[in-house]
Each structure stands twice: as structure tokens, then as C-alpha cells.
Amino acid sequence: MLEIRNLHAAIDGKEILRGINLTVKKGEVHAIMGPNGSGKSTLAKVLAGHPDYVVTAGEVIFEGRNLLEMAPDVRAREGIFMAFQYPIEVPGVSNAQFLRLAYNEKQKHLGREELDPLEFKDLLKERAKVVEMEASFMTRSVNEGFSGGEKKRNEILQMAVLEPKLAVLDETDSGLDIDALRVVAGGVNQLQGPENAMIVVTHYQRLLNYIVPDFVHVLANGRIAREGGKELALELEEKGYDWIKTENQGSGAVAPAN
Amino acid sequence: MVTELAKPENKYQQAFRALKEVKPTVAWVELVRESAMDRFELLGFPTVHDEEWKYTNLASLAKEDFLPLAQQSELTSADVAGFSFPETSASNVVLVDGLLRTDLSQTKNLAGIVVVDLFDAIADARYSKLVRNYLARNANYHDKGLTALNTAFLQSGVFVLIPKNVKSESPLQITCVASGAEAGRASFPRLLIVAEENSSAQLVESYVSLGNQAYFTNVVVEVVVQDGARLEHTRLQQENAQAFQVASTSVELGRGSSYNSTAINLGAKLARHDISVVMNHEGAECWVDGLYVVGENQHTDTHSVIDHQQAYCNSHQLYKGILDANGRAVFNGKVFVREGAQKTDALQTNKNLLLSPQARVDTKPQLEIYADDVKCAHGAAIGQLDQDQLFYLEARGINPELGKSLLTYGFAEEVIEKIGIESIRTELDKAVMSRLHTRLEQS
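Residues numbered from 1 in each chain as written. Chains lettered and ligands numbered in written order. Predicted model: local features only at pLDDT ≥ 70, side-chain atom pairs only at ≥ 80, totals over all residues.

Caption draft 1: Region of the structure containing the overall build of chain A. Helix and strand counts for chain A come out as nine helices and 12 strands. In terms of overall dimensions, chain A is globule-like: its C-alpha atoms have a radius of gyration of 18 Å, near the 18 Å expected for 258 residues. Here chain A, with 258 residues, has 47% of them falling under the buried criterion. In chain A, once contacts between residues fewer than 6 apart in sequence are set aside, the share between residues at least 24 apart is 72%. (Helix = DSSP H or I, 4+ residues; strand = E, 2+ residues; numbered from the N terminus. Rg over C-alpha atoms; globule rule 2.2 N^0.38 Å. Buried ≥ 20, exposed ≤ 12 C-beta atoms within 10 Å, placed from the backbone. Contact = placed C-beta atoms within 7 Å.)

Caption draft 2: Local environment of the overall build of chain B. Within chain B, the regular secondary structure consists of 10 helices and 20 strands. In terms of C-alpha radius of gyration, chain B reaches 21 Å, essentially the compact-globule figure of 22 Å for 443 residues. Taken over the C-alpha atoms alone, chain B extends approximately 70 × 50 × 50 Å along its principal axes. Burial analysis of chain B (443 residues in total) assigns 51% to the buried set. A separation of at least 24 residues holds for 81% of the contacts in chain B among residues at least 6 apart in sequence.

Caption draft 3: Here's a closer look at the packing of helix α2 (residues 27-43) of chain B against helix α7 (residues 145-152) of chain B. All names here are of chain B. Contact pair α2 / α7: the axes reach a minimum separation of 8 Å and the direction vectors enclose 145 degrees. Considering the relative orientation of α2 and α7, their crossing is left-handed. Contacts from Val32, Arg33, Ala36, Met37, Arg39, Phe40 and Leu43 in α2 reach Gly145, Ala148, Leu149, Thr151 and Ala152 in α7. (Axes fitted to C-alpha atoms, helices over the stretch in contact; angles between N-to-C directions. Left-handed = near helix turned anticlockwise from the far one by under 90°.)

Caption draft 4: Structural detail: the nonpolar core. Of all hydrophobic cores here, the largest spans 199 residues; its most connected members are Val168(A) and Val218(A). For this core, the two domains that each supply at least three residues are domain 1 (2-281) and domain 2 (386-443) of chain B. Ignoring sequence-local partners within four residues, the contact set of Val168(A) consists of Ala44(A), Leu47(A), Ala48(A), Phe81(A), Met82(A), Ile199(A) and Val201(A). (Core = buried A, V, L, I, M, F, W, Y, C linked by C-beta atoms within 7 Å. Domains from an automatic or database assignment.)

Caption draft 5: Structural detail: the sheet that holds strand β8 (residues 200-209) of chain B. Residues and elements named next belong to chain B. Spatially, 10 strands are ordered β2-β1-β5-β8-β10-β12-β14-β16-β18-β20 in an open sheet, and the strand pairing comes out mixed. Taken across any chain shown, the strands that pair with only one partner, and hence form the sheet edges, are β2 (99-100) and β20 (375-383). Direction of pairing for β8 relative to strand β10 (residues 230-237): parallel, over a ladder of eight bridges. Bridge pairing in β10 places Gln202 opposite Glu232. Relative to the sheet, helix α9 (residues 400-416) contacts β12 (258-265), β14 (285-294), β16 (314-323) and β18 (345-354), its axis offset from that of β16 by approximately 150 degrees. (Pairing = 2+ DSSP bridges.)

Caption draft 6: Looking closely at the environment of Leu2(A). Residue and element names in this part refer to chain A. If you trace the backbone, Leu2 turns up in strand β1 (residues 2-11). C-alpha of Leu2 to C-alpha of Leu22: the two residues are 20 residues apart in sequence and 7.9 Å apart in space. The contacts of Leu2, once residues within four sequence positions are left out, are Val24, Phe62 and Leu166.

Caption draft 7: Just the interface of chain B and chain A, in detail. Contact residues are listed per partner, giving 20 residues for chain B and 24 residues for chain A. Put simply, the parts of the chain that give the side of chain B that touches chain A at least two residues each are α8 (387-394) and α9 of chain B. By residue number, the principal contributor to the side of chain B that touches chain A is α9(B), which donates nine residues. Split by residue class, the side of chain B that touches chain A holds 10 nonpolar, five polar and five charged. (Nonpolar A, V, L, I, M, F, W, Y, C, P; charged D, E, K, R; others polar.)

Caption draft 8: Broad picture of α9(B). An ideal rise of 1.5 Å per residue puts 24 Å on 17 residues; α9(B) measures up with 24 Å between its terminal C-alpha atoms. Considered for burial, the residues of α9(B) that qualify are Gly403(B), Ser405(B), Leu406(B), Leu407(B), Thr408(B), Tyr409(B), Gly410(B), Phe411(B), Ala412(B), Glu413(B), Val415(B) and Ile416(B). (Expected span 1.5 Å × (residues − 1).)

Caption draft 9: Fine view of the domain arrangement of chain B. Residue and element names in this part refer to chain B. The domain boundaries assigned to chain B delineate domain 1 (2-281) and domain 2 (386-443). Computed from C-alpha atoms alone, the centre-to-centre distance between domain 1 and domain 2 is 32 Å. Taken together, the contact between domain 1 and domain 2 spans 11 residues of the former and nine residues of the latter. Counting only elements with at least two residues in the side of domain 1 that touches domain 2, the list comes to β8, β10 and β12. Of the residues that constitute the side of domain 1 that touches domain 2, the class distribution is six nonpolar, three polar and two charged.

Caption draft 10: Broad picture of the environment of Val22(B). Summarising the element assignment, Val22(B) is placed in helix α1 (residues 2-22). The spacing of Val22(B) and Gln155(B) is 133 residues in sequence and 9.4 Å in space, taken between C-alpha atoms.

Caption draft 11: Representation of unusual backbone geometry within the structure. Notably, Asn221(A) is not glycine yet its phi reads approximately 50 degrees, a positive angle. As for its position among the elements, Asn221(A) is in the loop between β11 (215-220) and β12 (223-228). Backbone geometry at Asp97(B) places phi at a positive 50 degrees, although glycine is not the residue there. Positionally, Asp97(B) belongs in the loop between β1 (92-96) and β2. Overall, the presence of 25 C-beta atoms within 10 Å leaves Asp97(B) in the buried class.

Laid out in C-alpha cells, this is it:
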């Protein structure tokens, strides 16, 4: 589904990703872990097409097509979804209005039927159950005045409505208390199936107790420093990130800072 | 310079003499008209040398031959039927070119509110005392040339009385139609609204036009909200793209009263709205909000004055502007907190969204405080669409063009949603959308 080859990316002229290689197949859940500044959020944003990041080398193939040539909105309609670490507030635009527009844009793109407000209301009601959201959230402005947990739940609701092929969760666990984490992770698990895939970016192992990954990749200094199964996350939890950093520097795998 | 100024004055003077013959009135009104005309002759149209008119140039208006015409336009109910809203279909008072037209008005459901031609009210023993007490009291024609001009041409208008303790559930609409029958028509709509003690009502003041001709509307509205009364006032300015509109709304608030105003400015080539709220009794509260949307060759100017003269009054003000193409806007908001007006709570915000590099806004919020135990804040912002918001929408599959429209709509919605009448909100949503050339639908 997704093939990342030697991906380099920079922001404000500073290189953050320095050669990422990653293959994600249908039905798989990949966790991307790593210390602060290792480039994990940058990877998520580059996949979504954030305009602040410039890809300086490498390629990303999504479903056989060059992802990097697609505008962010096209990527989304093609089935890539990034759950934001800091969801944005959009005053004056109701959640329902926003979601219906996004949903219909995707339907149109895929040559499928669009839904009128009433039909969409039913769909929304159904999908909102996934994250246990109340109807009152639908008429409120997007994320405006939402608590941290409500914002993250709203991200997962959007994911439930848009049914992406590939979901990239950017530190969805940050700022969540244990109850909210359980709801969010429960929603994510309901949405994971054999036809889609997920990349879960997280700093802590905690989230991976709920969303169990097939593969764990540990980033350090813009490269994948370590890969393994879910047990790697536990090892990290125990030892922290320092041993990876040290090990990596020792092996000379990290390019010198510029 | 002198000849240029003298020309329009002579023209208006002739029309004034003609009016006196056609529409004679009682002595005190005659006196008011006379002295207003004297003031206009002295003051003339304001120029950019006047600090209050620094960014709005009326030279092209002063030069044009706009004149009030004596004869009525031949309109039928069908011509104006589309201007009311479902909520006001049985309570819509229509003025054509500034003159009240009872034949075109719908007054089946006034719910206890008295609506009469202002000139009839002057002559009616039941209302003459009230009118005499309040007419030209808050709208200052001594220092303001345009208010003087409107007052000099007083010959019709609407007197609205919401009697003591009357709580009206259904809104009253006053629609000022520019007939567009011929070019160069000047009209002087005049409204006097008196909400007596403990009454409550919703008022919609709407400006529309039928033709594409250039014309000049000079409006004066005076509002008195007595002790404990509540008034919700929605103002919709949708004049045609050639029109000039200057308007003043002067509001006086009684003890413990509440006044909630939302002014929407979408139309006209040049529009100026002065709104002043005087809080000279304790415990009053007001919301003075507005939205202006300007595009190609449009200029809009709002000057507001919120005057806290007594203690324990609250004022909230939010004006938002959307400027596209070479549109221009001016916002000048003054908040005065007079000596002794302790425990005042005043908030004023003006936010502007520039959609084009040619658009321009001049904003000046001013706060003058002469009391020491008050809570006041004000601020102005001018900006473009937020890139983070735009990316968020794109990341959900919404293309950038559509995303921009959605964000702009959202920006306007913060003001539109304050309006208490649903079908007006819906119509404004549509109007804003169509101005944004979008394919956004209602949801």
C-alpha cells in the first residue's frame, strides 16, 4: 500500500528526515516511535503534504502512485488521513457541515453518490458511536472550545466518516487521560481492518497497549534506528531512548549535524 | 471650491422650499426643519478634512444631482413581496424612496406594536407628545450636515411605539425600498422607535433596491429604549452597487434596559453607518455587532460611539469585515467611560479579513476612560486566512478554493449567528456564499 524509499525532508532549510525506508501493507499496523526531535511527527506531516515541509530526496509510492506529486486534498480524497497532534479550531463552521463537505468531496472524487444533509446526519450518528460522541458536538464549530480529549475524539470521528485506506495518527495519545485514551484507541481498533493500514506515531508505549502494532520502528535523528515487533516497544519502555541514540551514534549510522 | 460647495446647497434649498408647500406641518416641526436646513447650508457635506470623514470621501456624492422627488413611485405589493421574511410576512412596513406606503405594508400581525406614519403621529394627539419629546433629540443635526439634511426633508417616515409591558413575540420589519424609477433620486428615510418601559421586541430594518440606477439614501434612525425594556435590532443594508447610503442610528438606553444590534452591510457603492449608544442610566447593557462585506468598487465605513455615562452598564461590540478585490472599509469605534461610570464592563473588537492584496481597511478602536473601577478591553485585527486552518481542511480532502470559502463563511458566521431570526440567518448565509462565488451549500 505504502512504500517510502530514502525519504529526506527539511523545514526552513533544516533537514529533519535523512533517509527513511518503510513499507506498509494492507491490514498492518505500524508504530513509529522515537525521542523528541527524531522526526516522527515530520514523517506524518510529510505524508499528509504539509506545505511547511520540503521533500529533498526520495520517494513515496501510495497504491502504485507517486504520493509526493499529489496536493494534500487529493491525498486525502485518495485515502490518506492524518489525525493531527494539535487539531485546528475552525470557528463558525459546524462539525456536521465540515464533515459532510469533506465526505461529499471524497464521494465525488471516487465517482460515488453524495449525501444530502439528512442522509448524512444518519451516517454521522452511526459513526459517532465509534468514539462515543454526543449529537451536540455536531452542531458546534469544529474543535472550538473542545477539550483536548474531545478534539482527539473528533479526529477519530473524522476518520470514521472518511474511511481512509491509510491512517496516520500523529501522537493521538498526547494529552489524553486514561479514559479518553481508551475511547480513542477503542475507536481506532474498530476502524482497523484487513483492507486498510495504520501508522501510529507515538512517544510512549502506553498507547500500544491498546492499539497493538504488527511492527515497531524507532526513529533517531531522522532515520529508522531500530525495527522489530511489538516487543520492541516494551523494551523501549524499560530502557528509554538513550540506548538507541548511543548505539546509533556508535555505529556511525547518523549523518553529522549540519 | 466655493462654487462647488454652493451648487448642491442651492439645489437642496430649492427642493426644500418646494417641500414646505407640499407638506406643511405643525409649527414646532416647521421650526426643526428650518433650523436643520440652516445647519445643512452652513455645514454642507462633510469632507475628508473632517477627522470623522478622513477615509471616506463624499466628493462624488456631493457633486451628483441627487434630489428628492415629490411624486410616488408606482409600485405594487408584488414588487415588494420578496423583501419580507417568513417571520415578518404579516408585519412588514414598507417605505418607498423614504415615504411610508401603507398600501404596500403588511400589518396584520403587529402584536400590540403601534406603527404609524411619522408625520401622522406628529399630528395625532395620542402620539404627538412622545414624538415631540424624542424626535431629533438623539440625532444631532446641529453638528452633522447629513443628519441636518435628513431632518430638513422630514415629511414621512415611521413612528414605532412598543407600549409599556408589551412583549412582542413576532418581529417587526421596516423595509426601505429604493424604487430605482429614475436616476438621481435622493431619499430620506426617518425612523423613530420608542420601546416603553418593560416592553420587548425584535426589529428588522432593511434596505433594498429594485433598479440598477444610482441613488442616494440618507437615513436617520432614533431609538429610545426605556427602563427595563429590551430591543433586538437587526439592520440589513443591501442597496444596489451604484447606491450611496449614509445612515445614522442614535440609541438612548434607560435603566436596566437592553439593546442588541447587529448591522449587516453588504450592498452600496459607498455606505456609511454611524451608530451611537448613550447609556445614561444605570444597569443598561448593549451588544453592538456588525458585519461588512465589500468587493469590487465598494466602500463601507462604520463609526460607532458607545457612551458609558452611568455606572453598572455593559457594552459588547464585535464588528467583522471581509474585503475582496479593491474593496475598502473603515471602522472607527469609540468607547467613552465617563467620570462616575464605575463598574463599567466594555469590550470592543474589530476583525478584518483581507482576501485580496488590493483591499484596504482603516481601523481605529478608541477607548477613553475617566472612571477608575472599570473593565475595558478593545482590539483590532487585520489578516489573511489562517494557513493552519486551510491545511486542516485540505488534509480532509477539501480543495483549497473551497476551503478558503468555507473559512471566510465561518469568519462571517460568528456575527450572522447572533441574529435571532432564522430565515434572516439563512438568507445572509446564502448572500455571503454567493458573494464568495462558492459552490458551498447549506448544511
